[in-house]
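# Inside the fold
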Amino acid sequence: MPPEPVDLLIEARWVLPIAPVNTVLEDHAVAVSSGKIVALGPIAQMSERFEPRDRVVRRDHALLPGFVNAHTRAAMTLFRGLPVRGPRSRWVRDTVRPVEQRCMSAEFVREGTQLAIAEMLRAGITSFADMYLFPEEAARAASAARMRAAIGLPVADVPSVWADSATAHFARAEQLWDEYKSDPWVCLYFAPQDAAEVSDETLIRVRRVADELDARIAMESPPLRRLHALGLLRPGFAAIPREAWNDVESELVATTGICVIACVQSDLRLGVAGGTAASKVVGQTVGLGSGDPASVGAIDMLAEARVAALLSGDALTATDALRLATLGGATAIGFGADTGSIEPDKYADLVCIDLNRLACQPTSSVPESILFGATREQVSDVWTSGRVAVSDGHLLAFDEQELTASAQKWLKIGGGT
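Now for a description of the structure that goes with this document. (Residues numbered from 1 in each chain as written. Predicted model: local features only at pLDDT ≥ 70, side-chain atom pairs only at ≥ 80, totals over all residues. Heavy atoms only, no water.)

### Some words on the pattern of salt bridges
Using the criterion set out here, one finds 26 salt bridges in the structure. Between R55 and E11 there is a salt bridge, and its shortest N-O distance comes to 2.6 Å. With R55 in strand β4 (residues 50-65) and E11 in strand β1 (residues 4-15), this residue pair connects regions lying 44 residues apart in the sequence. For D354, the salt bridge identified is with R357, shortest N-O distance 3.7 Å. Several salt bridges share partner residues, and in doing so they unite R73, R88, E220, R242, D267 and D292 into one network. (Salt bridge = Lys/Arg side-chain N within 4 Å of Asp/Glu carboxyl O. Helix = DSSP H or I, 4+ residues; strand = E, 2+ residues; numbered from the N terminus.)

### As for the sheet that holds strand β3 (residues 36-42)
Ordered by their spatial adjacency, eight strands build an open sheet running β3-β2-β1-β4-β13-β14-β15-β16, and the pairing between neighbours is mixed. Two strands lie at the open edges of the sheet, namely β3 and β16 (394-395), each paired on one side alone. Where strand β14 (residues 379-384) and strand β15 (residues 387-391) come together, three bridges link them in antiparallel fashion. Bridge pairing links V382 to V390 in β15. (Pairing = 2+ DSSP bridges.)

### Observations regarding unusual backbone geometry
Geometrically, the link from A19 to P20 is a cis peptide bond, its omega value of 5° lying close to zero. One can find P20 in the loop between β1 and β2 (25-33). Omega for the bond connecting G86 with P87 falls within 30 degrees of zero, at 0°, which places this linkage in the cis form. As for its position among the elements, P87 is in the loop between β5 (67-72) and α2 (88-103).

### Brief notes about the environment of I151
One can find I151 in strand β7 (residues 148-155). On the basis of relative accessible area, I151 is assigned to the buried category, the value being 0%. Remark: the alpha-carbon pair of I151 and E137, spanning 14 residues in sequence, is separated by 9.8 Å. Leaving out residues up to four positions away in the same chain, I151 has contacts with F128, D130, P135, A138, A139, V186, C187, L188 and Y189. (Buried < 20%, exposed > 50% of the residue type's maximum accessible area, 1.4 Å probe, protein only. Contact = heavy atoms within 4.5 Å.)

### Comments concerning the packing of helix α4 (residues 135-145) against helix α5 (residues 166-180)
In the contact formed by α4 and α5, the axes pass within 11 Å of each other and the chain directions differ by 15°. Between α4 and α5, the angle falls in the class roughly parallel. Between α4 and α5 the crossing geometry is right-handed. Each of P135, E136, A139 and R140 in α4 lies in contact with α5, whose residues at this interface are R172, L176, E179 and Y180. (Axes fitted to C-alpha atoms, helices over the stretch in contact; angles between N-to-C directions. Parallel < 35°, antiparallel > 145°, perpendicular 65-115°, else oblique. Left-handed = near helix turned anticlockwise from the far one by under 90°.)

Shown next as C-alpha cells:
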C-alpha cells in the first residue's frame, strides 16, 4: 500500500503522551492531519506508513501535549509591576482595584489578553481558562490567535463597567453564548464573582441557566458549604481555592465530584497560609493555573508544575506533575475529551522542549529533566490543532515590539507601578 498522506509528521527523541499510558516513548513520531492526531508510533514505522506534507525532526527534544493554564486573568499582564503584598483580599482592595478603576475598558482587556496569549504560546501553553471583565474581548483575542480558551462569563449583583446588575450580567452572557456556541476555539462558562457580592438568589439562577445550557461553572474562593446547600457542587463545577479548607470542606471536595484548580505560585506570593493551603490543595487537584499575572509574574505552567511537586513532598512524581499541567488542566476546564494528551482523534495541541541543555543532563529520567531541569525558554515548537504557533523558538503571528509598546502605554495610563 502507498503511504498515507498527512499534513504533518513530528519526529522526536522522546514522546510523553500522558494518556492512555503515562510513560516515555523513545524515538517516536506523531502524525497529524486536519488539525488532529492520526497516529503515534516508532519513527521507522511511521515514516513507512505516512507521507507528510511537512516533517519536523527534533532529535534532542521531548514532545508533550501542550500545557493547559486552567485559571488566569489574562489581561492583568498589564498590571505586572504593582507591589504584591498579602493577604490577597487586602491586596485586591487596596492595590488592584484603584488601578482597575483607572484602566478598565474593552481595549484594556483586549490588549492585555493579546499580550498574555503571546506569552503563553511562547511558553508552550496551548489552552487556558480566563476569568475577567469584558469576556467578549478575551474570547475574540483567543479565537483570532487560534488558541483554545474557556472564557468565564462574570456574574455579580453589584454594578461594574461591564454590567450594572445581575440581570444585565445574564443578558450579556446570553448574547455571548449565542455568538460563541459554534466557535471551534472558544467555549464559555459561568464565573460568579466575589461570593460576598453574589446573593443566593443569583447563584441559584446561575445553576439553573448552566443546567439549561450544559455549561460549566468556576469560582474563586468558593464558600463550599454555602454552594453545596444551593446545589452547585457537582461535576462541572471547578473550585479555585484561595485559603485552606477545613475537614468538612475537604470532604465536600472528595464526595461531590467537583474539580479543583490550584494556583500555587500566586498563593505562595500572597501568603496563603504560608503556602500550606496550596500544598494541601495539590493532593486533591486535577488542574493547575497561573492565577493573575500581576501576582505571579511570568505565566509559566512548567514552573507551576515544579512548585506543585515540591510542595507535595513525595506525593507527586514528575510524571504526575506534568499530567496536572496538561491533561489535568484540560479535564478541569472541560477540554479533556479534545486535548491534554497525545492520542488519536484528539486535537494536535503539542509542545516540543529542547533537552540538549546542561541542566537537563544526563537525561536518565526525561520527566525529571523536564520538570526540574528545563525552563519555558527551552520550548522550541508549539502547535495548536496542528497549526504552528512557535517554530524553532520563534513566536509567529505576533509582533513582540507592538505588544511591548502596548504594555508601556497602559503603564502610563495606570499611573505607573
